[in-house]
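Chains, contacts and geometry: an overview
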Amino acid sequence: MKITKAVIPAAGLGTRVLPATKSIPKEMLPIVDKPAIQYIVEEAAAAGITDILIITGRGKSAMEDHFDRAPELEERLLRSGKQALCDEVAGISRIANIQYVRQKETKGLGHAVLCAKSFAGDDPFAVLYGDDVVIGEKSATGELCEAFERYGKGVLGLKKIPLDKIGKYSSVRYETGPDGEKQVGDMIEKPSPDQVMSPYAIIGRVVLPPSIFEILERTAPGAGGEIQLTDAMRELAVREGMIGVEYSGTRFDMGSKAGIIEAILTVGVSHPEIGPEVRELIRRMAASL
Ligand code: UTP
């Protein structure tokens, strides 16, 4: 079955990048000249997703404005002969059909996904975490959707994490299937060293069947007192099995200060307009360190 719907949870408070995120959603922080959320919406569209639900919260309306038309701005750009920029700005509103719903209290990622129940209906859907930007030749969401279409099971986007850092993430248990695929049967959020099941953590992207909602509705708060999506996906994996896919792109954690810098530098060095300047800047800085 082809996946055409995606959910982007973007209601979190972004406390790790305060005070920048006091009034600006972290999803709107720019990677050079494009906000993080636009990279994520473009990745979904590149996977063939046509309908997107963004889970927002109070103080996050800048995201809705970004994906809307801006007639005054477009007219000004046209009048000053900036046709290409005008087309680019207007084109943002046509990337996908985007709807919004508010998560009234930030009770966790699992709770945010539950807000998408009526949007998803009986369809499987992709989830793209709003602060994880993935840059690569292929759409990471597309790689996960292909696995869903092939195996008919929920899919987890995985990355290998150094064992001394995996406690901040999650860890999955898997067996290698006949095609070399990872058949995931168990997982844990924020494992202590003795709970680590493998070096693979669920990072930023999953594809879920609609049966996840019935599980989420009775998932109790877990790590950090939040309703954890990982806890609900664990039950799904035990019951129906899930597939793990190590997607090929590079993931940037836009919810952390170092992740933001890494994303900006990575995009900056190959940016068509400022790439040479950024490379020169980095050389100068490296020489003085
Ligand atoms: P995070 O836990 O990284 O986001 O959630 P956060 O709560 O904003 O992080 P802190 O405060 O810096 O620690 C991963 C994704 O899930 C969304 C976030 O917006 C982020 O994109 N999220 C998280 C929600 O939509 N609702 C929630 O209740 C929690």
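Residues numbered from 1 in each chain as written. Predicted model: local features only at pLDDT ≥ 70, side-chain atom pairs only at ≥ 80, totals over all residues. Heavy atoms only, no water.

**Observations regarding the overall build of the chain**
Along the chain, the regular secondary structure elements total 11 helices and 13 strands. Over its C-alpha atoms the chain spans a radius of gyration of 19 Å, differing by no more than 12% from the 19 Å that the globule rule assigns to 289 residues. Looking at the chain residue by residue over its 289 residues, the buried ones come to 48%. Accessible surface for the chain amounts to roughly 14500 Å². Of this, 53% is attributable to carbon and sulfur atoms. Distance between charge centroids for the chain: 3 Å, based on 36 positive and 41 negative side chains. (Helix = DSSP H or I, 4+ residues; strand = E, 2+ residues; numbered from the N terminus. Rg over C-alpha atoms; globule rule 2.2 N^0.38 Å. Buried < 20%, exposed > 50% of the residue type's maximum accessible area, 1.4 Å probe, protein only. Areas by Shrake-Rupley, 256 points an atom, 1.4 Å probe, with all protein chains shown as cover. Lys, Arg positive; Asp, Glu negative; His and termini not counted. Charge placed at Lys NZ, Arg CZ, Asp CG, Glu CD.)

**Describing the nonpolar core**
Grouped together as the largest cluster of nonpolar side chains are 46 residues, with contacts concentrated most on Ile52 and Ile54. Per-element accounting of this core gives the leading share, six residues, to helix α1 (residues 36-46). With 31 residues, the next largest nonpolar core counts Leu158, Met187, Ile212 and Phe213 among its residues. (Core = buried A, V, L, I, M, F, W, Y, C linked by side-chain atoms within 4.5 Å.)

**Overview of the site of the ligand**
Around the ligand, 18 residues are found, and the nearest of them are Gly14, Thr15, Lys26, Gln103 and Gly108. Here Pro9 contributes a backbone N or O atom positioned 3.0 Å from an oxygen atom of the ligand. A distance of 3.1 Å separates an oxygen atom of the ligand from a polar backbone atom of Leu13. Against a free-state accessible area of 580 Å², the protein chains account for coverage of 84% of the ligand. For the shell around the ligand, the class distribution of residues is six nonpolar, seven polar and five charged. (Near = heavy atom within 4 Å. Polar contact = N/O pair within 3.5 Å; in protein donor to acceptor, adjacent residues only side chain to side chain. Nonpolar A, V, L, I, M, F, W, Y, C, P; charged D, E, K, R; others polar.)

**Section: the side chain of Asp132**
As for its position among the elements, Asp132 is in strand β7 (residues 132-135). Of the residues examined, Asp132 reaches a relative accessible area of 5% and is grouped as buried. Within the local environment of Asp132, its side chain forms a polar contact with the side chain of Arg251, the two groups lying 2.9 Å apart. Excluding residues within four positions of it along the chain, Asp132 makes contact with Ile40, Ile203, Gly204, Arg205, Arg251, Phe252 and Asp253. (Contact = heavy atoms within 4.5 Å.)

**Thoughts on the packing of helix α10 (residues 257-269) against helix α11 (residues 275-287)**
Viewed as axis vectors pointing N to C, α10 and α11 meet at an angle of 125°, and their least axial separation amounts to 7 Å. Taken together, α10 and α11 sit at an angle that is classed as oblique. Judged by residue contacts, Leu265, Gly268 and Val269 of α10 engage Gly275, Val278, Arg279 and Ile282 from α11. When its residues are assigned to classes, the contact of α10 with α11 shows four nonpolar, two polar and one charged. (Axes fitted to C-alpha atoms, helices over the stretch in contact; angles between N-to-C directions. Parallel < 35°, antiparallel > 145°, perpendicular 65-115°, else oblique.)

**Description of a negative patch on the surface**
There is a patch of like negative charges on the surface, built from Asp33, Glu88, Glu273 and Glu277. Examined against the element boundaries, Glu277 turns out to sit in helix α11. (Patch = residues over 30% accessible without salt bridge, like charges linked within 9 Å, V, L, I, M, F, W, Y side chains within 5 Å. Salt bridge = Lys/Arg side-chain N within 4 Å of Asp/Glu carboxyl O.)

**Some words on the packing of aromatic side chains**
As enumerated under the stated definition, the model contains two aromatic pairs in all. Aromatic side chains Phe125 and Phe213 sit 5.3 Å apart centroid to centroid with 15° between the ring planes, which places their arrangement in the stacked category. Taken together, the positions of Phe125 in strand β6 (residues 125-128) and Phe213 in helix α8 (residues 212-217) put the pair 88 residues apart, joining distant regions of the chain. The residues Phe125 and Phe213 share a single accessibility class, namely buried. Pairing Tyr174 with Tyr200 gives two aromatic rings, centres 5.7 Å apart and planes at 80°, and the pair type is edge-to-face. Within this pair, whereas Tyr174 is found in strand β9 (residues 170-176), its partner Tyr200 is found in strand β11 (residues 200-208), the two being separated by 26 residues in sequence. Look at Tyr174 and you get partly exposed, because its relative accessible area is 29%. Taking the ring centre of Tyr200 as reference, the NZ or CZ of Lys182 above it sits at 4.7 Å. (Phe/Tyr/Trp six-rings, centres within 6.5 Å; stacked < 30°, edge-to-face > 60°. Lys NZ or Arg CZ within 6 Å of the ring centre and 35° of its normal.)

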